[in-house]
Amino acid sequence: MRASPAPASRQRSLPLAACLLVVTLLVGVFAPVAGSAAEAAEPDLALPVTVLASDFEDGTTQGWAARGGETVAVDGTAARTGDHGLAVTDRTAGWEGPALRVDHILERGVAYTVSLWVRLAEGAESDTARLSLERRVDGTTSYHTLGSVTVGPDAWVQLTGTHTPTVATEYSALYVETAAGTASFGIDDVLVTRIPVPPIQRDIPALRDALPEFPIGAAVSPADIHGERAELLARHHSSLTPGNALKWDATQPAEGVFRFTDADPILDFAAERGMAVRGHTLVWHEQTPAWVFTGADGEPMTPTPENKALLLERLETHIREVVGRYGDRIETWDVVNEVIDENRPDGMRRSPWYEITGLDYIRTAFRVAHEVAPDARLVINDYNTNVPAKREALYELVALLLEEGVPVHGVGHQTHINIEWPSVAEARAMLERFVPLGVDQEITELDVSVYTAADQVFPVVPAERLEAQARQYRRMFDLFRSYSEHIASVTVWGLADDDTWLDGGPLDRKDAPLLFDERLRAKAAYWAIVDPGWEGGIGPSGGCLVDHLVTDRWPGGFRAEITVLNTGSRTIDGWALGWTMDRGERIDHLWNGTLVHRGPRVTVGDASWNAVIPPRASVSLGYLGSRSGAPGDGGPVEPTFFTLDDRACLLLAPEA
């Protein structure tokens, strides 16, 4: 996908002080009317686009309709702006409210924000208004809350949410409901906007190439197999793990009702891109539907022989169906997940699985999985295995299972850590302990939180935290490399910081635990892993910041300016700047530099008089370029990766 075209003429100065400020700031980084579909040319996904706007000013409901027996009508008393709004009256249930069908508007793999304003009728008690989505896939209807807000009769309140369609639906509709009461309410000024999709950096080193010692993977959601996110995933990773799509609540929500709506597209994507798949997870005490632990009498199970037999039967049926569906398409399974509680005398978590069956659920899970997929690697997975008590409890369990002949092939270390914990010594002890057992070891859910205490909240993550995070990633990967003969794979638990399980919580705080930021750009943590010369700082080891700016364009040609800032502590004496131009582009005239190599991969050397760049100083150069192709095709494309003397530079983020 091409980068967003800039205005015909754009100026951006980059004085030294501003460059240094940018170096600091970069570490924290980033309409059809009445609901009709867009009829213009395909929009540029790098720009926000309003795909739906409902203001009701034409006197109609603009497609919004009642979900039940309530009344939905245009009314002047429900107007926030203008003369009309949508009034919702005669409600008898909280789920009743206005709904708008959107499956003909929203595209798979594209993220959208939904915004509207809501106010309760005069005299109503405050309530929670919810923006939700009703979705029907393969005949099964599901409901998803996108956002909620406290609302009353005295003021209009904005209600917002986000949604990324990931599967083809037979029916999708946005709707507004309330959590408790049935008071009348109004809505107005509805907007559905396509969220900009930033282009990924296509010419930085791939993680999979920089880490030949073991496969490098990422946990994914259905949204990660579309668009630029899919390109980021496939470029850098050789394996993937469906984060939720293979868990019990996703694959068998009701007894005997199996669904693979989310999992199948992920497996198809992996096959198309030649990526291995880790199956996560067959047995867990979380995200398991309540019916699994409900007895034949309809009551919650208690430890009886009858309930044990029923629960193990359900477990076997589930594994045979799920594992059997994918056969050899999934090479590794997290068979049981988080079974250890080091605070118990026997080290076992008191989940319903254990309370009803003892260790037999673990034995059964591994035995059945091995029968169904005899060539798959079967893993027991847990967190905090760097903690001595937990590590020992897991070791004793695995040793017992192996002695019994249970087919346990690997131990998974989740490795949810932070910038200060654990130490390398603690992590090394984690790996070393299981070496005598002769099983594979896997780093299954790696992320590095920037927080070291539960009460910390950063509106913007400080630069020193991101550098500390990079150092922790560097230490951990150096350790993993040294144990590469024992480590079968390393999986990062997420693709980029815009989608991580660590966000939210009681303090609603934003974390940044992954290798790519919210704009899908490589972070210092990424450079700490792939760049052997990295010794600290917010970017790669080259100690340079580059700004490439297209300042003017015309049919078939353009003008670009480049500023290179020495962010290191040493003086640069003689330099060669390299980057890759988009296909069809070339340099026709250059100033303040020497063109060493012309072609897709460009090299520009110094002009002798500007060969020396002291620390915190910069040089500027520029060129006139030409571009072959159809006029108005959106070019030229801003480069995304530069090297200075063959060492990677940090790239100044483009203007929003």
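Attention here is on the structure that accompanies the text. (Residues numbered from 1 in each chain as written. Predicted model: local features only at pLDDT ≥ 70, side-chain atom pairs only at ≥ 80, totals over all residues. Heavy atoms only, no water.)

Within the protein, the regular secondary structure consists of 12 helices and 32 strands. If you line up the protein on its principal axes, its C-alpha atoms span 85 × 75 × 45 Å. Counting across all 656 residues of the protein, residues that qualify as buried make up 54%. In the form shown here, the protein has an accessible surface area of approximately 27,300 Å², with 50% of it arising from carbon and sulfur atoms. (Helix = DSSP H or I, 4+ residues; strand = E, 2+ residues; numbered from the N terminus. Buried < 20%, exposed > 50% of the residue type's maximum accessible area, 1.4 Å probe, protein only. Areas by Shrake-Rupley, 256 points an atom, 1.4 Å probe, with all protein chains shown as cover.)

Within an α-helix, residues lying three or four positions from one another point in the same direction, as the helix has 3.6 residues per turn. Taking 1.5 Å per residue, 13 residues should reach 18 Å; helix H8 (residues 360-372) reaches 18 Å between its end C-alpha atoms and fits that length. Burial in H8 covers these residues: Tyr 361, Ile 362, Thr 364, Ala 365, Phe 366, Val 368 and Ala 369. Check the buried side of H8 and you find it contacts strand S14 (276-283), helix H6 (305-326), strand S15 (332-337), helix H7 (352-357), strand S16 (377-382) and helix H9 (388-403). (Expected span 1.5 Å × (residues − 1). Contact = heavy atoms within 4.5 Å.)

Looking now at the environment of Ala 79. Following the sequence through the fold, Ala 79 ends up in the loop between strand S3 (71-75) and strand S4 (85-89). Dropping the residues within four chain positions of it, Ala 79 is found in contact with His 84, Gly 85, Trp 156 and Asp 188.

Let us look at unusual backbone geometry. Omega for the peptide link from His 280 to Thr 281 comes to -10°, which places this bond in the cis form. Of note, Thr 281 is situated in strand S14. A cis amide bond links Trp 421 to the next residue, Pro 422, at an omega of 5°. Positive phi outside glycine occurs at Gln 62, with the angle close to 55°.

Here we come to the pattern of salt bridges. Counting across every chain of the model gives 40 salt bridges. By sharing partners, the salt bridges in this structure join Arg 278, Asp 334, Arg 377, Asp 440 and Glu 442 into a single network. (Salt bridge = Lys/Arg side-chain N within 4 Å of Asp/Glu carboxyl O.)

The biggest cluster of nonpolar side chains holds 107 residues, and the ones touching the most others in it are Trp 333, Ile 362, Ile 380, Phe 477 and Phe 480. Among the elements that make up this core, the one with the highest residue count is H6 (8 residues). Phe 477 has contacts with Leu 211, Phe 214, Ile 216, Leu 446, Val 490 and Ile 529, leaving out every residue within four places of it along the chain. Within the second largest apolar cluster, 31 residues are counted, among which are Val 88, Ile 105, Tyr 112 and Ala 124. (Core = buried A, V, L, I, M, F, W, Y, C linked by side-chain atoms within 4.5 Å.)

All right, on to the side chain of Arg 521 then. Topologically, Arg 521 is positioned in the loop between strand S20 (487-492) and helix H12 (524-530). Of the side chains with opposite charge, Asp 517 lies nearest to the buried Arg 521, which makes no salt bridge, at 6.0 Å. With residues up to four places along the chain from it excluded, the contact list for Arg 521 reads Pro 199, Gln 201, Leu 515, Phe 516, Thr 640 and Leu 651. (Lys, Arg positive; Asp, Glu negative; His and termini not counted.)

A word on the sheet that holds strand S2 (residues 65-66). The antiparallel open sheet is built from 5 strands, whose spatial order is S2-S5-S10-S7-S8. Single-partner strands in this sheet number two, and they are S2 and strand S8 (140-151). Here strand S7 (residues 127-137) pairs with S8 via 11 bridges, running antiparallel. In the sheet register, Thr 128 faces S8, and the bridge partner there is Thr 150. (Pairing = 2+ DSSP bridges.)

Once that is clear, we can look at helix H3 (residues 227-236). Counting buried residues along H3, 7 of its 10 residues qualify, which places the element largely inside the surrounding structure. Within the sequence span of H3, burial applies to Glu 228, Arg 229, Ala 230, Leu 232, Leu 233, Ala 234 and His 236.

Before going further, it helps to examine a negative patch on the surface. A grouping of Asp 55, Glu 57, Asp 58 and Asp 83 is seen on the molecular surface, where their side chains present a negatively charged patch. Its relative accessible area of 57% is what places Asp 83 among the exposed residues. (Patch = residues over 30% accessible without salt bridge, like charges linked within 9 Å, V, L, I, M, F, W, Y side chains within 5 Å. Charge placed at Lys NZ, Arg CZ, Asp CG, Glu CD.)

Each aromatic ring pair is summarised here by two numbers: the centre-to-centre distance and the angle between the ring planes. Within this structure, the stated rule accounts for 16 aromatic pairs. With a centroid separation of 5.7 Å and 40° between ring planes, the pair formed by Trp 248 and Trp 353 is classed as tilted. Of the two residues, Trp 248 sits in helix H4 (residues 248-251) while Trp 353 sits in helix H7, which places them 105 residues apart along the sequence. Each member of the pair Trp 248 and Trp 353 is classed as buried. Put simply, the rings of Trp 248, Trp 291, Phe 293, Trp 353 and Tyr 361 pair up and form one aromatic cluster. (Phe/Tyr/Trp six-rings, centres within 6.5 Å; stacked < 30°, edge-to-face > 60°.)

Attention now moves to the sheet that holds strand S26 (residues 594-597). Read from one edge of the open sheet, 5 strands run S26-S27-S24-S30-S31, paired in antiparallel fashion. Two strands in the sheet have a free side with no partner beyond their single neighbour: S26 and strand S31 (647-648). The sheet contact formed by strand S30 (residues 642-644) and S31 spans 2 bridges and is antiparallel. Following the sheet pairing, Leu 644 is matched in S31 by Arg 647.

The element strand S6 (residues 112-120) is largely enclosed, with a buried count of 7 among its 9 residues. Pairing of S6 with strand S9 (residues 157-163), which is carried by 7 bridges, proceeds in the antiparallel orientation. Its bridge partner being in S9, Thr 113 is matched across the sheet by Thr 162. Judged from the 8 bridges that link them, S6 and strand S11 (residues 185-194) form a sheet pairing that is antiparallel. Bridge assignment links Arg 119 to a residue of S11, and that residue is Gly 186.

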